[in-house]
2 protein chains.
Amino acid sequence: MTYHVHGVSASGNCYKVRLALEQLKLPYVWHEVDMMHGATRTDAFRKLNPNGKVPVLCIDETTTLSESDAILCYLADGTPLMPDDRLQRAQVLQWMFFEQYSHEPYVAVARFIRQFLKQPDDPRLPEKTAGSYRALDVMEQHLATRSFLVGERYTVADIALFAYTHVADEAGLDLSRYPGIRAWLDRVRSQPGHVAMPGVHA
Amino acid sequence: MTYHVHGVSASGNCYKVRLALEQLKLPYVWHEVDMMHGATRTDAFRKLNPNGKVPVLCIDETTTLSESDAILCYLADGTPLMPDDRLQRAQVLQWMFFEQYSHEPYVAVARFIRQFLKQPDDPRLPEKTAGSYRALDVMEQHLATRSFLVGERYTVADIALFAYTHVADEAGLDLSRYPGIRAWLDRVRSQPGHVAMPGVHA
C-alpha cells in the first residue's frame, strides 16, 4: 500500500511525517497544499481534516489521520522508532505533548511570522520569543546529559522536536548557548535515512 | 504500589488524571499544588517537572511523568480505556493532540481568565472565545453521529476532551447549539466510576 500525505513542504509539522516515512522506507505520495492561499479552508480539505490543518495522512480511500504527532505514533508503531517499554512509550508522548503545547506554539509561530508573513515587527514576537527560550531551556537541561530524548535511542520524540528546533534560526532564535541541543541536532541529522526539510523559499 | 499525583483539583488537566485513576481503581495520593501562589515555579517542583506544569504523576521515588494526556495513555495502557487496534490508538492520540493544540489553549485559558484571574474584560478573551467555538464545532460535527470520540466506546480520548468541555460555561461558552456534545457529555458522566471535578471555588 502507498500512503498519501497532504502537507506543506516547508512546515515542520509536515516534515515530521516525511522524515518518518523516509526513515521507515514506506511508500508515499506527497500532495502539496497551498496553505498560504486558503487551500486548508476549502470544503474539499475539510473532508480530509475537519480541523483544517496540515498534515493529513490518508491510510486508505476512506481513512484519514491528522495531528502530526499522532501520525508519527501510527507510523512508528511496532518499529524501532517507538519503544516497546510502557514507561518509555509514555515518555515519548510526554515530549510530543510538550512539543505541541510548550514548543511549537512559540518556535513554529515565531518562524511563521518571520518567514511566511514576513512581519518582523509583529507585536506577538516578543512573547513568542520568550516562550521559545523557555522551551529550549527545558530541552537543554534534559539533553545536556543524554543522547536522545527517551531511552538513549532515536525515537519519534526526537523527530517531533527536531522539526522546528533545527530551524530555530528562522524563528529569530540563537542556539549558541544550547550545546546539548546542538549536539543532539547533529545526532538526529546523522541517523540512517535522514532527509533535510525543504527551505521556506523552496 | 500507590501513585502520587501533584495537581490542582480545579484544573481540568489534573482532573483527567484523577478521573482515570478512579475509573481504573488505582490507588493514589493527591498532593494539592498551590499554583496561584507560585508553587509550580519553585526548585522543588521543577525537580518533578522541569517545565513547571501540573499535573505530575510520580510512578516511583525517582520516576515522574508529566503532560496530562501522556499520563492518561500510561495509565490506560492495557486497559479498556485504550483500544488495542493500531488505527484506533492513533485516533485516540489524534483527539488528544487536538485537545492540547486546538481546544485547551482556548477553552481552558478562557476559563482560567474568567474564574481564576477574574478578568472578564481581559483583551485576550474574544480570540479565546472564537477559538473555543472553532474547536467545539469540530467536536460537534464528529459527535453528531457517534457515541464516543473513537471506536464507539469510552476511551481516554473522551476523558481528555470531557475535562474542559463539561465546564465550558465557566469559560463563558454556550453549549446550547451543540446537541451532539451535550449528549456525549451525559454519556461520559454515566460511565462506571465517574467522579465530578471539584468546583473552582472548592
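No experiment lies behind these values; they were computed from the predicted model shown.

Parameters and conventions
- Per chain, residues are indexed from 1 in the order of the written sequence.
- All chains are assigned letters beginning with A, and all ligands numbers beginning with 1, in the order in which they are written.
- Owing to the predicted nature of the model, reporting of local features is limited to residues with pLDDT of at least 70; listing and counting of side-chain atom pairs is limited to 80 or more, with chain, interface and lining totals taken over all residues.
- Computation of side-chain values: all heavy atoms of the structure, hydrogens and water removed.
- Here the copies are superposed with least squares, the fitted atoms being C-alpha atoms of residues at a pLDDT of at least 70 in both.
- Any two residues having at least one pair of non-hydrogen atoms within 4.5 Å are treated as being in contact.
- Buriedness for pockets is judged along seven lines, at least five of which must meet protein on both sides within 12 Å for an open set on the 1 Å grid over protein atoms alone, while cavities are sets there where a 1.4 Å probe fits but cannot get out, and lining residues have an atom within 4 Å of a point.
- Grid points are joined across faces, edges and corners, and a volume is the space filled by probe spheres set on the points.
- Going along the chain from the N terminus, every DSSP run of H or I of four or more residues is numbered as a helix, and every run of E of two or more is numbered as a strand.
- Basically, the charged four are Asp, Glu, Lys and Arg, the nonpolar ten are Ala, Val, Leu, Ile, Met, Phe, Trp, Tyr, Cys and Pro, and anything else, Gly included, counts as polar.
- UniProt positions are given in the numbering used here, feature names are shortened, and annotations may be inferred rather than shown by experiment.
- Accessible area that two parts lose when put together, with a 1.4 Å probe and added across both, is what the buried area reports.
- Whenever Lys or Arg places a side-chain nitrogen within 4 Å of a carboxyl oxygen from Asp or Glu, that contact is recorded as a salt bridge.
- Identification of polar contacts relies on pairs of N or O atoms within 3.5 Å, with a donor-acceptor requirement for protein atoms, meaning one able to donate a hydrogen and the other able to accept it, and with residues adjacent in sequence counted only if both atoms are side-chain atoms.
- The cut-offs for exposure are 20% and 50% of the maximum accessible area for each residue type, with area from a 1.4 Å probe on protein chains only; residues under the lower value are buried, those over the upper are exposed, and the others partly exposed.
- Criterion for a disulfide: a pair of cysteine sulfur atoms within 2.5 Å.
- Strand pairing requires that DSSP identify at least two bridges connecting the strands.
- Here an axis means a line fitted to C-alpha atoms, over the contact stretch when the element is a helix, while the angle between two N-to-C directions is reported on a 0 to 180 degree scale.

**Student:** I'm lost on the relation of the copies chain B and chain A in this one. Help?
**Tutor:** You can overlay chain B on chain A at an RMSD of 0.0 Å; the transform is a turn of 180 degrees with a shift of 0.0 Å along its axis. Given the turn and translation reported, the copies of this chain are related as if by a two-fold rotation axis. Looking at the rotation axis and the C-alpha trace of chain B, the residue lying nearest is Y101 of chain B, at 3.1 Å. Mapped onto chain A, 100% of the interface residues of chain B are again interface residues, and the two copies thus contact each other with one and the same surface.

**Student:** Hey, could you run me through the layout of surface pockets in this one?
**Tutor:** Over the atoms, a rolled probe matching the size of one water molecule traces out where space is still vacant. Roughly 720 Å³ of internal volume is contained in the second largest pocket. Taken together, 31 residues make up the lining of the second largest pocket; nearest its centre are Q94, H142 and R146 of chain A together with L48 and T64 of chain B. Secondary-structure elements contributing two or more residues to the lining of the second largest pocket are α4 (86-116) and α5 (125-143) of chain A together with α2 (43-48), β3 (56-60) and β4 (63-66) of chain B. No other element matches the five residues that α4 of chain A contributes to the lining of the second largest pocket. Per-class residue counts for the lining of the second largest pocket are 11 nonpolar, 14 polar and six charged.

**Student:** Help me understand the UniProt feature "domain: GST N-terminal" (unreviewed entry) in chain A, please; the structure alone is not making it clear to me.
**Tutor:** The UniProt record marks residues 1-83 of chain A with the feature "domain: GST N-terminal" (unreviewed entry), using the residue numbering of this structure. For residues 1-83 of chain A, the helix share is 33%, the strand share is 23%, and the end-to-end C-alpha distance is 24 Å.

**Student:** Looking at this structure, I do not really get the interface of chain B and chain A. What am I missing?
**Tutor:** As a measure of interface size, the accessible area lost when the parts come together is often cited. Taken residue by residue, the interface counts 33 residues in chain B and 33 residues in chain A. At the boundary of chain B with chain A, total buried surface from both sides reaches about 3,000 Å², with 62% on carbon and sulfur atoms. Contact with chain A buries surface across chain B, with R86, F97 and Y101 of chain B losing the most and accounting together for 25% of the total. Run the count over chain B and chain A and you get two salt bridges. Scanning the region where chain B abuts chain A turns up 10 residue pairs in polar contact (both at pLDDT 80 or more). Of all elements in the fold, only β4, α3 (68-76), α4 (86-116) and α5 (125-143) of chain B reach the threshold of two or more residues within the side of chain B that touches chain A. Within the side of chain B that touches chain A, the residues separate by chemical class into 17 nonpolar, nine polar and seven charged.

**Student:** Even after reading the chapter, I still don't get the environment of R146 of chain B, so can you show me in this structure?
**Tutor:** Take R146 of chain B: it is sitting in the loop between α5 and α6 (156-165). Setting aside anything within four residues of it in sequence, one finds R146 of chain B in contact with E152 and R187 of chain B.

**Student:** Quick question: what am I supposed to make of the environment of A108 of chain B here?
**Tutor:** Residues and elements named next belong to chain B. Residue placement: A108 occurs in helix α4. Overall, A108 belongs to the buried group, its relative accessible area being 8%. A108 sits 55 residues away from A163 along the chain, and the two C-alpha atoms are 9.2 Å apart.

**Student:** So what exactly am I meant to see when it comes to the state of the cysteines here?
**Tutor:** One way to say it: the disulfide is the covalent bond shared by the sulfur atoms of two cysteines. Here the structure, examined in full by the defined rule, presents zero disulfides over all chains. No disulfide involves C73 of chain A; its nearest neighbouring cysteine sulfur is the one of C73 of chain B, lying 8.4 Å away. Exposure remark for C73 of chain A: the relative accessible area of 7% places this residue in the buried category.

**Student:** Is there a simple way to think about the sheet that holds β4 of chain B in this case?
**Tutor:** Note: strands within a sheet are paired through backbone hydrogen bonds, in either parallel or antiparallel orientation. Reading across from one edge, β2-β1-β3-β4 (chain B) is the order of the four strands in this open sheet, with mixed pairing throughout. In the strand order of this sheet, the two ends are held by β2 (28-32) and β4 of chain B, each with one partner. Strand-to-strand, the axes of this sheet are offset by a mean angle of 20 degrees, without reference to chain direction. Sheet topology note: the strand β1 (residues 3-7) of chain B/β2 of chain B ladder contains five bridges and is parallel. Its bridge partner being in β2 of chain B, Y3 of chain B is matched across the sheet by Y28 of chain B. The strands touched by α4 of chain A are β1, β3 and β4 of chain B; relative to β4 of chain B, the strand with the most contacts, the crossing angle is about 40 degrees. Set on the sheet, helix α1 (residues 12-23) of chain B makes contact with β1 and β2 of chain B; between it and β2 of chain B the angle comes to about 160 degrees.

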